Amino acid sequence: MSTTPDFAALRTQTEQLFAAGPAADKTAARALWTEVRAALNAGQVRSAEPDASSPTGWKVNTWVKQAILLGLRHGDMADVSGAFPFYDKDTLPVRRPGLAAGVRIVPGGSSIREGAYLAKGVICMPPMYINLGAYVDEGTMVDSHALVGSCAQIGKRVHLSAAAQIGGVIEPVGALPVIIEDDVLVGGNTGIYEGAIVKTRAVIAAGVILTGSTPIYDLVHQTIIAPAAGQPVVVPPGAVVVPGARTVKRSPGPEWGLSVATPVIVKYRDEKTDTRTELESWIR
């Protein structure tokens, strides 16, 4: 019978080993990481989690990210080849959820790293990649050539379209990772990086690039959404964001007719949007 780990003790041990730096006991660090990795696989701990008291609605679990870094630092290189040659840290094997997990991994070259959580009903279309520390919730589809970066948090019923890139944020350990909340559609060839947060039911159109410091121009409310000091940029619930451009005002930008890319909110989700973005039930 499996038992729930003592997370308070794990946190204390993690913080002590991390503070020791290269002098940390390797055997203890590897054993600790094995325990934390199993808890991450089971979704018992997360590198970030909802927090109603936070301005963003989320908080980072710094000690979990420290444990991930201990696993990386104290792993030994090993031959983990399968159909192709691979060489990686022995503390980070490939994740094989198994049939009982209810995760659908379509054949064709996808890879999931240990330390990533995939809930029941997740669909992985090849080739895609999910890195360690990531959390992918129920009913989400990770489409072809999509990346779920380290520690990224993906909600329920999200569609990460083909070639969507969800960046990883392990370091600095106190920084929030990229967070995609429930029922979000992320269009093809998008890039969401540096701890940007996309709130529930938002639509990120194909080709949008969002970073943690990207201002977003909200045409509906005639405001500019810029990140507060020390906080990531937050896409509002239900916002429909498309690629846009703004004029470069610094000379010689105007003379040269230059502009820079910027995300623009053109509307907020309505019934018409819901119909156009509904995931097809027949593929599930």
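Keep in mind that what you see is a predicted model, and the values were worked out from it rather than measured.

A.B. asks: What should I look at first to understand the packing of aromatic side chains in this one?
C.D. replies: The geometry of an aromatic ring pair is captured by the separation of the ring centres together with the interplanar angle, meaning the angle of the planes. This model, assessed by the stated rule, comprises 1 aromatic pair. Between tyrosine 117 and tyrosine 135 the ring centres are 4.6 Å apart and the planes differ by 35 degrees, which places this aromatic pair in the tilted class. Of this pair, tyrosine 117 sits in strand E7 (residues 117-118) while tyrosine 135 sits in strand E10 (residues 135-136), placing them 18 residues apart in sequence. Each member of the pair, tyrosine 117 as well as tyrosine 135, carries the same accessibility label: buried. The side chain of arginine 46 reaches across the aromatic face of tyrosine 135, ending 3.6 Å from its centre.

A.B. asks: Is there a simple way to think about the environment of tyrosine 117 in this case?
C.D. replies: By relative accessible area, tyrosine 117 is classed as buried at 17%. Considered as a pair, tyrosine 117 and glycine 133 are 16 residues apart in the sequence and their alpha carbons are 7.5 Å apart. The residues contacting tyrosine 117, other than those within four sequence positions of it, are Leu40, Asn41, Ala42, Gly43, Arg95, Ala134, Tyr135 and Val136.

A.B. asks: I keep staring at the pattern of salt bridges and nothing clicks. Help me out?
C.D. replies: When the charged atoms of two side chains with opposite charge come close together, those side chains can pair. Throughout the structure, instances matching the rule amount to 11 salt bridges. For aspartate 90, the salt bridge goes to arginine 30, with nearest N and O atoms at 3.1 Å. Of this pair, aspartate 90 sits in the loop between strand E4 (87-89) and strand E5 (104-105) while arginine 30 is found in helix H2 (residues 26-41), placing the two residues 60 residues apart along the sequence. Here lysine 267 and aspartate 270 are joined by a salt bridge, their closest N and O atoms 3.2 Å apart. Classification of aspartate 270 by relative accessible area gives partly exposed; the value is 32%. Through salt bridges with shared partners, a single ionic network connects Lys26, Arg30, Asp76 and Asp90.

A.B. asks: How do you make sense of the sheet that holds strand E9 (residues 129-130) when you look at a structure like this?
C.D. replies: Hydrogen bonding along the main chain pairs the strands of a sheet, whether they run parallel or antiparallel. Taking strand neighbours across the sheet as the criterion, the 6 strands line up as E6-E9-E12-E15-E18-E21 in an open arrangement whose pairing is parallel. What marks the edges here is a single partner per strand, and that holds for strand E6 (111-112) and strand E21 (209-210). Relative to strand E18 (residues 191-192), strand E15 (residues 165-166) is paired through 2 bridges, and the arrangement is parallel. Within E18, the residue paired with isoleucine 166 across the bridge is isoleucine 192.

A.B. asks: Can you walk me through the environment of serine 54 in this structure?
C.D. replies: By secondary structure assignment, the location of serine 54 is in the loop between strand E1 (48-50) and strand E2 (58-60). Sequence spacing of serine 54 and valine 36 is 18 residues, and the spatial spacing of their C-alpha atoms is 25 Å.

A.B. asks: Please clarify how helix H3 (residues 62-73) should be interpreted in this entry.
C.D. replies: Structural remark: α-helix, 3.6 residues per turn; residues separated by three or four positions point the same way. Between its first and last C-alpha, H3 extends 16 Å over 12 residues, near the 16 Å set by a 1.5 Å rise per residue. The buried count for H3 comes to 9 of 12 residues, which makes it a mostly enclosed element. Every buried residue of H3 is accounted for by Trp63, Val64, Lys65, Gln66, Ala67, Ile68, Leu69, Leu70 and Gly71. Where H3 is buried, its residues touch helix H1 (7-19), H2 and E2.

A.B. asks: Would you take a moment to explain the sheet that holds strand E19 (residues 197-198) for this structure?
C.D. replies: The strand order across the open sheet built from 6 strands is E7-E10-E13-E16-E19-E24, with neighbouring strands paired in parallel fashion. The sheet is open, and its two borders are formed by E7 and strand E24 (234-235), each paired with just one other strand.

A.B. asks: I tried to follow the pairing of strand E26 (residues 259-268) on my own but got confused; where do I start?
C.D. replies: Note: strand E22 (residues 216-218) against E26, 2 bridges, orientation parallel. From the neighbouring strand, tyrosine 217 faces E26, where its bridge partner is valine 264. Of the pairings in the sheet, the one linking strand E25 (residues 239-247) to E26 comprises 9 bridges and is antiparallel in character. The residue of E26 that forms the bridge with valine 241 is isoleucine 265.

A.B. asks: How should I be thinking about the layout of surface pockets in this particular structure?
C.D. replies: Gaps left between atoms show up when a probe the size of a water molecule is rolled over them. Considered as a void within the structure, the largest pocket measures approximately 620 Å³ in volume. Surrounding the largest pocket, 23 residues form its lining, Phe86, Val94, Arg96, Ser110 and Ser111 being those nearest its centre. Considering only residue class, the lining of the largest pocket consists of 13 nonpolar, 6 polar and 4 charged.

A.B. asks: Teacher, can you tell me more about the packing of H2 against H3 here?
C.D. replies: In a pair of packed helices, the angle between the axes and the distance between the axes together describe the arrangement. Relative orientation of the contacting elements H2 and H3 amounts to 125 degrees, with a least axis distance of 9 Å. One element, H2, and the other, H3, form an angle in the oblique class. Along this stretch, H2 crosses H3, giving a crossing that reads as left-handed. Here H2 contributes Leu32, Trp33, Val36 and Leu40 to the contact with H3, which in turn contributes Trp63, Val64, Ala67, Ile68, Leu70 and Gly71. Along the lines of polarity and charge, the residues of the contact of H2 with H3 split into 9 nonpolar, 1 polar and no charged.

A.B. asks: Got a minute to help me understand the packing of H1 against H2 in this structure?
C.D. replies: Where H1 contacts H2, the two axes come as close as 11 Å, and the packing angle between them is 135 degrees. Here H1 lies oblique to H2, going by the angle between them. In the packing of H1 onto H2, the handedness of the crossing is left-handed. Of H2, the residues touching H1 (which contributes Phe7, Leu10, Gln13, Thr14 and Leu17) are Ala28, Ala29, Leu32, Glu35, Val36 and Ala39. Of the residues contributing to the contact of H1 with H2, the split by class is 8 nonpolar, 2 polar and 1 charged.

Calculation criteria
- Numbering of residues starts from 1 in each chain and follows the order in which that chain's sequence is written.
- Thresholds applied to this predicted model are a pLDDT of at least 70 for local features of residues and 80 or more for the giving and counting of side-chain atom pairs; totals over whole chains, interfaces and linings are not thresholded and use all residues.
- Side-chain measures here rest on the full set of heavy atoms in the structure, leaving out hydrogens and waters.
- Under the pairing criterion, centres of Phe, Tyr and Trp rings, with the six-membered ring standing for Trp, must be within 6.5 Å; the plane angle then separates stacked pairs below 30 degrees from edge-to-face pairs above 60, leaving the rest tilted.
- Secondary structure counts use DSSP, requiring at least four H or I residues in a row for a helix and at least two E residues in a row for a strand, with both numbered from the N terminus.
- Type-normalised accessible area, obtained with a 1.4 Å probe on protein chains alone, sets the label of each residue: buried when under 20%, exposed when over 50%, and partly exposed for intermediate values.
- Throughout this description, the term charge over a ring refers to an Arg CZ or Lys NZ atom that lies within 6 Å of the ring centre and within 35 degrees of the ring normal.
- Here, residues are in contact when the closest pair of their heavy atoms is within 4.5 Å.
- Think of a salt bridge as a Lys or Arg side-chain nitrogen and an Asp or Glu carboxyl oxygen that are within 4 Å of each other.
- Strand pairing is defined by DSSP finding a minimum of two bridges between the two strands.
- Any helix carries an expected span of 1.5 Å times its number of residues minus one.
- Lining residues are defined by having an atom within 4 Å of a point belonging to a cavity or pocket. Those points lie on a 1 Å grid over the protein atoms alone, cavities being sets where a 1.4 Å probe fits but cannot get out and pockets being open sets with protein on both sides within 12 Å along at least five of seven lines.
- Grid points are joined across faces, edges and corners, and a volume is the space filled by probe spheres set on the points.
- For this classification, the nonpolar set comprises Ala, Val, Leu, Ile, Met, Phe, Trp, Tyr, Cys and Pro, the charged set comprises Asp, Glu, Lys and Arg, and every other residue, Gly included, is treated as polar.
- Helix axes use the C-alpha atoms of the stretch in contact, all axes being lines fitted to C-alpha atoms, and the angles between their N-to-C directions lie in the range 0 to 180 degrees.
- The scheme is simple: roughly parallel for angles under 35 degrees, roughly antiparallel for over 145, roughly perpendicular for 65 to 115, oblique for anything else.
- By convention the crossing between two helices is left-handed if the near helix lies anticlockwise of the far one by an angle smaller than a right angle, and right-handed if it lies clockwise.

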